Every structure is written in structure tokens, then in C-alpha cells.
Amino acid sequence: MAYDDLRSFLDALDKEGQLLRITEEVMPEPDVAAAANAVSRLGEAAPALYFDNVAGFNNARIAMNVHGSWANHALALGLPTTTGTKEQVAEFINRWAKFPVKPEWRDNPLWAQNSVEGDDINLFDILPLVRLNDGDGGFYIDKAGIVSKDPDDPENSGKQNFGIYRIEVKGPRKLAILPVPVHDIALHLRKAEERGEDLPIAITLGNDPVLSIVAATPMEYDQNEYELAGALRGAPAPIAKAPLTGLPVPWGSEIVIEGVIEGRKREVEGPFGEFTGHYSGGRNLPVIRIDKISYRTDPIFEHLYLGVPWTEIDYLVAANTCVPLYEQLKKDFPEVQAVNAMYTHGLAIIVSTKNRYGGFAKAVGMRVLTTPHGLGYAAIVIVVDENVDPFNLPQVMWALSTKMNPSDDLIVVPHLSLVELAPQSDNPGTGAKLIIDATTPARPDNRGNYGNQVHDLPEMGEWLTKLQQLAKH
């Protein structure tokens, strides 16, 4: 089933018992964020949270943890809530094969019910803003899909971007944004500033669940996120034209904020509790001027808690980080079998591959570092044999324990780009990266004694099926 807006997905979560409505009055701080922090401890079937009785606000509606479990993630893709992690990644790969699916332009977008412009804008009147962690430097918007275009090629829909970036609220109509250098919006901003221009953007809040997934997917620069959404939804993504900027935005958004990133203007932003489980410090970042806000009556503010994994962000960027890396590696190395990039947005990545010849696995690891996502992430790459399941950590640890020789199988590459939010960076934005070859040596590499590996008994598969059936009774 394709959901056209956030509300229809919340209804589906509710019907599946995956939405917990908090009806008692709660304090905006710390209750809303603390509840979202706590719900992640409920495991892989944790529900979404919905607050509509927040002290100090009139008619506030806040949704948290919408993607915050494998059960919710499965439902977003139209799968049964019991679908396992590997199965969801496999289904993501199957649907990726249908990419691209052109979006569908629609009239009368849901967000067009109300609007405010210019000096009449006061973001605090529209959003029930709350801090997420007690060390945050202010209020943040952290689950919005932001639309921008390449200033040098604005008619090229492949080069437009729909991505999630953290935004700090600096005033009634002023925001600050973190455009990580390896992400598309940073390239758009650099081009605009080279032209002496501001960069028009549209910030969309409360989107359908698949659009949030694709906004967090590390696609190639000329790949269109709406076209991937269509493939994942099984139906074209509905979009509409933003009234001020003309940018293509989701038809079903709760709120659309239009404005510009002001060229060559910077203000101090941060700190913020990030996906790494650490605070990022304050820094000078670009500033957004809000010129128009359009919104549904009584909009739902979808917020996202970040902290020590796993929290909602880890489910949101799990399967959709694995799959593009798999697709990119598979093009160059057909021997690649699977990619697990679920950990801290791919700061650690595990790849299984057939080992063509001695040194081949190390080459696969180096290729990971040069993928669009690996350029800024992939601090640690572990390469394992084809018969090792990268999603099965005990198997990965077995490979590390028995296949890796520290004198020959560790490659440290210094001074590479590393997302500045990574706390292990030597300097913000750079750091060393590590490739670990935990594969069985292949000729002409004759190290070790691997000729007598134990294999599953021929009858094991038959017995596995039999035991699974007995366990159901």
C-alpha cells in the first residue's frame, strides 16, 4: 500500500497496534524527548508515539519514532510488521530494480490550507518546538525533507535534491543548516555562492513515510529521490509546485517552508546531540531566511530523537544505506554478495564477497571508500567471505577471529574525508580510515591453514525446516 501523507501512515500504524497515543498531559521538556528516548528501548517492534496534550501549547500534535523499529519500517514499505531485517533489505533491492518511477504532479496539495508570508512569519506560532537532548544549543527541526536544485542546471530533475539535514531555529523566520560537504545540498550552495546568489529551498515537514526514507538515502548526485520513492511505493510519488519558489515538494506534506540559504552568510549553530551518540560542538553555518510558510490546519509536527544507538535515526538510515552501496559495488565487483551498512549511518560497513584472487578483498574495501557515501562515512570497512552473512554479527566475529592477520590484513588510509560529525575525526572533516580483510586468503596469497574448514552437514537444511515447523506448534 502506498501512503500519500503522514496521517494515513499514522492511521495504518494505529490499526497494526504500532502507534501509542499519549493522552495524559506532558511537559514539552523533558517528557516528549524522554519518551522518544525510552521507546527505542522496547526493541525491534517499538511503536510510534503521538502526543496531543502538551502543556503550554494550543492544539499541539507531535509524532515521534514513526520509523523507529523494524516493524514500523516494514509497514512503511507495505510489508508485514514481522518482516525481518535481511528480508527488508532484500525487498528494498528488488524494488530498486524498478527505479526510476516518474513522480505524479497533483493539484490542491494538502499543505495549501493556510499560509503566512514575510514579516508576519513566526515559526513558533506553527511548530510546537521542543529540545531533544539537554545539551542541545536550541530548538531543532531534524526530520524535514529539504528540496534544492543545482543552480547551474536547474531544469535537470536528476540534479535536484530532496534530503534530510539538521536545522536549528534561530528566530521567528531564521534558521541555520548543516550542509555536510559530501551531500548534494552543499554542492548546490557552493555553486550558488560562486554565482553570488542565494540558494532557494523548500523545507517540507510531516511527509509520507517512504519520502522520509528516500530523503535519507545516499543516492548518486544525478539520481532523483522522488523517482526512487515511486519504485519503493509501487506507485508514482505525488508532488506539487511550491507557490513561492516553484520547487517540487511532496503533495501530502503537513508544512512547507520556503526561503533561501543566504549566500556567504554564517552564524554560530549547535551544539546538537547527533546520530553518533555524541554532541557536535558549535560552528559557523549557513543561515536560512524564511519567506513563506504553507501548512495544513492543525499540522502534525514530526520530530526525530537522536542519541546512543539504536534510536529512530538508526532504523531510518539502515536499509536505505545498505542498498545503494550494494548497487554501486555490484557494478564494479559482481562478486559482492551483500552489504551491511546499518551501523551509525555507515561509519562501519561490512561487505561479503567472493574472493577472486589474492588481494581482491582489499580492493573491494578500497572501492567502498570511494562510493558517494563512503567518501564521507565508511570509517571502518570489514570484508568477509561469501559464506559469511554480514548481517549475522556472530559470523562476522568468527571471520575476524580466524581469518584476519593483523600484520597483513589491516590497511590504514590516513587523511581522508570523514563527516565532521564523526567524533573520531582528527580534525572536523578528515580522519584515517581502516579496511579489515577478514576473508580466506586466495592464491597466490597462501598464508594460513584454511584447507580443513568445517561445513554444514548436508541434512542440516532439511532439519532446520523441520525444527522451525515444530517450534510453531
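Just so you know, these numbers come straight off a predicted model, no measurement behind them. (Residues numbered from 1 in each chain as written. Predicted model: local features only at pLDDT ≥ 70, side-chain atom pairs only at ≥ 80, totals over all residues. Heavy atoms only, no water.)

**Some details on the pairing of strand β7 (residues 145-148)**
Alternating positions in β7 separate into two faces, Gly145 and Val147 on one and Ile146 and Ser148 on the other, with burial throughout. Both β7 and strand β8 (residues 161-164) contribute to a ladder of four bridges, which runs antiparallel. By the bridge assignment for β8, Ile146 is matched with Gly163. Across three bridges, the pairing between β7 and strand β11 (residues 199-205) is antiparallel. If you follow Val147 over to β11, its bridge partner there is Ala202. (Buried < 20%, exposed > 50% of the residue type's maximum accessible area, 1.4 Å probe, protein only. Helix = DSSP H or I, 4+ residues; strand = E, 2+ residues; numbered from the N terminus. Pairing = 2+ DSSP bridges.)

**Focus: the sheet that holds strand β23 (residues 430-438)**
In space, the five strands of this open sheet follow the order β19-β20-β21-β23-β22, with mixed pairing throughout. Of all the strands in the sheet, just β19 (336-343) and β22 (410-417) have a single pairing partner and so form its edges. Within the sheet, the average angular offset between the axes of one strand and its neighbour, ignoring direction, is 20 degrees. Sheet analysis places β22 next to β23, joined by six bridges and oriented antiparallel. Of the residues in β23, the one forming a bridge with Leu416 is Gly431. In this fold helix α10 (residues 319-332) packs onto β19 and β20 (348-353), with an angle of close to 150 degrees to the strand it touches most, β19. The strands touched by helix α12 (residues 393-403) are β19, β20, β21 (380-385) and β23; relative to β23, the strand with the most contacts, the crossing angle is about 85 degrees. (Axes fitted to C-alpha atoms, helices over the stretch in contact; angles between N-to-C directions. Contact = heavy atoms within 4.5 Å.)

**Observations regarding the UniProt feature "domain: 3-octaprenyl-4-hydroxybenzoate carboxy-lyase-like N-terminal" (unreviewed entry) in the protein**
The residues that UniProt annotates with the feature "domain: 3-octaprenyl-4-hydroxybenzoate carboxy-lyase-like N-terminal" (unreviewed entry) are residues 10-89. Between the C-alpha atoms that bound residues 10-89 the distance is 23 Å, and the span itself is 38% helix and 14% strand. (UniProt positions renumbered as here; feature names shortened; annotations may be inferred.)

**Topic: unusual backbone geometry**
With an omega of 5 degrees, the peptide bond between Phe99 and Pro100 qualifies as cis. Note that Pro100 resides in the loop between α4 (85-96) and β4 (104-105). The phi dihedral of Arg264 falls on the positive side, at around 60 degrees, and the residue is not glycine. As for its position among the elements, Arg264 is in strand β14 (residues 255-269). Positive phi, close to 55 degrees, is recorded for His345, a residue that is not glycine. Since its relative accessible area comes to 12%, His345 is described here as buried.

**A word on the nonpolar core**
Phe51, Met64 and Val339 are the most contacted members of the largest nonpolar core, which totals 107 residues. Looking at which element gives the most residues to this core, the answer is α10, with six residues. In this structure, this core is formed jointly by two domains, domain 1 (6-315) and domain 2 (318-438), each of which donates at least three residues. Residues within four places of Phe51 in sequence aside, it is in contact with Ile22, Val26, Val32, Ala35, Ala60, Arg61, Ile62 and Met64. Judged by nonpolar contacts, the second largest core, of 29 residues, contains Leu129, Leu175, Leu199 and Tyr295. (Core = buried A, V, L, I, M, F, W, Y, C linked by side-chain atoms within 4.5 Å. Domains from an automatic or database assignment.)

**Some thoughts on the domain arrangement of the protein**
The domain boundaries assigned to the protein delineate domain 1 (6-315) and domain 2 (318-438). Just the C-alpha atoms count here: the centres of domain 1 and domain 2 sit 28 Å apart. Summed over both sides, the interface of domain 1 with domain 2 buries roughly 2,500 Å², with 72% coming from carbon and sulfur. At the boundary of domain 1 and domain 2, one finds three salt bridges. Between Asp389 and Lys86 there is a salt bridge whose closest N-O contact spans 3.0 Å. (Buried area = accessible area lost by both parts, 1.4 Å probe. Salt bridge = Lys/Arg side-chain N within 4 Å of Asp/Glu carboxyl O.)

**Concerning the packing of aromatic side chains**
A full pass over the atoms with the stated rule returns 12 aromatic pairs. On the numbers, 5.7 Å between centres and 85 degrees between planes, the contact of Trp70 with Tyr315 is edge-to-face. Of the two residues, Trp70 is situated in helix α3 (residues 70-76) and Tyr315 in helix α9 (residues 312-316); the sequence distance between them amounts to 245 residues. Side by side, Trp70 and Tyr315 carry an identical accessibility label, which is buried. Ring geometry for Trp310 against Tyr315: centres 5.0 Å apart, planes inclined by 70 degrees, an arrangement best described as edge-to-face. Trp310 sits in the partly exposed class, given a relative accessible area of 25%. An aromatic cluster is built from Trp70, Trp310, Tyr315 and Tyr343, whose rings are joined through pairwise contacts. Lying over the aromatic face of Tyr50, Arg21 brings its terminal NZ or CZ to 5.2 Å of the ring centre. One cation-aromatic arrangement involves Lys466 over Trp463; the distance from NZ or CZ to the ring centre is 4.2 Å. (Phe/Tyr/Trp six-rings, centres within 6.5 Å; stacked < 30°, edge-to-face > 60°. Lys NZ or Arg CZ within 6 Å of the ring centre and 35° of its normal.)

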